[in-house]
Amino acid sequence: AGKTSSAGSAASSKQANAKPSGELTQESLKSYPVTPESQFETEDVSGGVSVTGCDSEDAVVVVPKTMKGKPVVEIGEAGMDNLDKCKGIVLPDSVKTIQFNAFCNDPQLEYVEFGKNLKEIEDSAFNGCKELRSVNFPEGMKTINSSKGGAVFANCRKLQEIKIPASATNIGSILMHADCPNAVIVTPAGSAAEKWAKANNVPVKNQ
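What comes next is a walk through the structure. (Residues numbered from 1 in each chain as written. Predicted model: local features only at pLDDT ≥ 70, side-chain atom pairs only at ≥ 80, totals over all residues. Heavy atoms only, no water.)

If you walk through the whole model with that rule in mind, you get 8 salt bridges. Its salt-bridge partner being Arg 133, residue Glu 131 comes within 3.2 Å of it at the nearest N-O pair. Exposure remark for Arg 133: the relative accessible area of 28% places this residue in the partly exposed category. A salt bridge links Glu 194 to Lys 198; the nearest nitrogen and oxygen atoms lie 3.7 Å apart. Linking Glu 194 with Lys 198, this pair stays in helix α2 (residues 192-199), spanning 4 residues, or about one helical turn. A relative accessible area of 54% places Lys 198 in the exposed class. A cluster of three or more residues bridged by salt bridges with shared partners is formed by Glu 110, Glu 131, Arg 133 and Lys 158. (Salt bridge = Lys/Arg side-chain N within 4 Å of Asp/Glu carboxyl O. Buried < 20%, exposed > 50% of the residue type's maximum accessible area, 1.4 Å probe, protein only. Helix = DSSP H or I, 4+ residues; strand = E, 2+ residues; numbered from the N terminus.)

Structure follows, in structure tokens:
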């Protein structure tokens, strides 16, 4: 491929930064531009970097696949918490782990798009995300809350649906029904998520 002219580069750069118009939906998340690396703080971890801070004031935050030339493999503890204006978050396929309190108290967060290689989400990750509507964990997901004890979706009062694949076999505490009164867990029959839901009096629907 040849080099683009400076005029072509400027045009493509402008296009890349254009924000979609219209109402935010789960589907429209995919059309937002990647958030500049300068709006994140990171630290080195095994296999790449962890996001340890974010100061974006955009309605949608699209986490880059790489930062400092390394793959983004983790959203660290409280790494993207207290984003007051954020309504949508898009994670790259490189992210495998979401740590404790990662998105805690993002008061306007409605939609999240996980990467396809996510394996683990820790306790209280979405604690206090009062506008969160639905969550779809990818196939291959293995662990949902295993250590500190706080429910992943504590105080997510508008949460309606959590899709959990059969691959998720290590489950601690997903939510408390009193915190998320309208939430239904959607999962294959016989899965660990179905057993957890029935044991904790949370409505379940089989895929």
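This part is about the packing of aromatic side chains. One pass over the structure, following the stated rule, counts 5 aromatic pairs. When the ring of Phe 114 is compared with that of Phe 137, the centres are 5.1 Å apart and the planes differ by 25°; the resulting orientation is stacked. Here the residue Phe 114 occupies a position in the loop between β8 (111-113) and β9 (120-121), and Phe 137 occupies one in the loop between β10 (134-136) and β11 (143-144), the gap between them amounting to 23 residues. Just as Phe 114 is buried, Phe 137 falls in that class too. Linked through ring pairs, Phe 103, Phe 114, Phe 126, Phe 137 and Phe 153 together constitute an aromatic cluster. (Phe/Tyr/Trp six-rings, centres within 6.5 Å; stacked < 30°, edge-to-face > 60°.)

Turning our attention to the pairing of strand β14 (residues 184-187). Pairing geometry for strand β12 (residues 161-163) and β14, over 3 bridges, is parallel. Looking at the pairing, Ile 162 lines up with Ile 185 of β14. Note that β14 and strand β15 (residues 204-206) share 3 bridges and pair parallel. Bridged to Val 186 within β15 is Lys 205. Crossover β14 to β15 through α2 is right-handed. (Pairing = 2+ DSSP bridges. Right-handed = clockwise from strand over helix to strand, strands pointing away.)

Moving on to the side chain of Ser 124. Within the secondary structure, Ser 124 sits in the loop between β9 and β10. For Ser 124, a relative accessible area of 8% gives the class buried. In this structure, Ser 124 is in contact with Phe 100, Asn 101, Cys 104, Gly 150, Ala 151 and Val 152, ignoring residues within four places of it in sequence. (Contact = heavy atoms within 4.5 Å.)

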